[in-house]
Amino acid sequence: MSQVKYIFGYDVPRADVLHEVIHYILEDIQHFNYKTFLVGMISILALVAMKNIGKSYPQFKWVRAAGPLTVCVVSIILNVIFDLESNGVPVVGTIPKGLPTFTADKWLPIAVEVDKLMLVVISITIVGFMESIAIGKQLASKHKYELDSSLELIGLGMANFCGAIFHSYPVTGSFS
């Protein structure tokens, strides 16, 4: 529901419960942008259709993987041809080139008290690691190979350390 503002074309305040989100959506419905909604729904329908084609017909399983890239490329082409932004459809705009800025030089001194963060950091780390191991074990048993949880922990640690240097989100294995 946090993504509905991008489909409806107007800002919807965040809320923790569903009925509040629905209230905020209906409260500002007069700002509904049908052009944005149309582009968003056609994109979603194309993604779902390509996913179902890939699942239903084994000879077209590549269509499922090509769905997101296809929708992205077609959207870019349509934006160039029809200049969607000047026609009332908001677009992302310019994406900066290259890697994000280097931030390791700003790590110290830590501005917040470490003791307040340590419990949260440890619990997030354990949950992320356990999720990654669960997925890794499932894939290892499915594809008949052995999983070394120590190497998995080192890999996750290095990926997160290197990612932190450039503003990335923490990474773990995903159940999705």
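Below is a summary of the structure that appears in this document. (Residues numbered from 1 in each chain as written. Predicted model: local features only at pLDDT ≥ 70, side-chain atom pairs only at ≥ 80, totals over all residues. Heavy atoms only, no water.)

Section: the packing of aromatic side chains
- Under the criterion given, the structure shown has five aromatic pairs.
- Each ring, one from F8 and one from F37, has its centre 5.9 Å from the other, and the planes form 55°; the classification is tilted. Separated by 29 residues along the polypeptide, F8 in helix α1 (residues 4-8) and F37 in helix α3 (residues 34-56) bring together distant segments of the chain.
- Its relative accessible area of 16% is what places F8 among the buried residues.
- Ring plane angle 70° and centroid distance 6.0 Å describe the contact between F102 and F166, whose orientation is recorded as edge-to-face. On the criterion of sequence distance, the pair formed by F102 in the loop between α4 (61-82) and α5 (114-143) and F166 in the segment after α6 (149-164) is long-range, its members being 64 residues apart.
- Given the relative accessible area of 47%, F102 is considered partly exposed. (Phe/Tyr/Trp six-rings, centres within 6.5 Å; stacked < 30°, edge-to-face > 60°. Helix = DSSP H or I, 4+ residues; strand = E, 2+ residues; numbered from the N terminus. Buried < 20%, exposed > 50% of the residue type's maximum accessible area, 1.4 Å probe, protein only.)

Observations concerning the pattern of salt bridges
- Within the structure shown, the criterion is met by one salt bridge.
- In this structure, the salt-bridge partner of K5 is D11, at a minimum N-O distance of 4.0 Å.
- On the accessibility criterion, K5 (23% relative accessible area) is partly exposed.
- A residue is classified by how much of its surface remains accessible, and D11, at 56% relative accessible area, is exposed. (Salt bridge = Lys/Arg side-chain N within 4 Å of Asp/Glu carboxyl O.)

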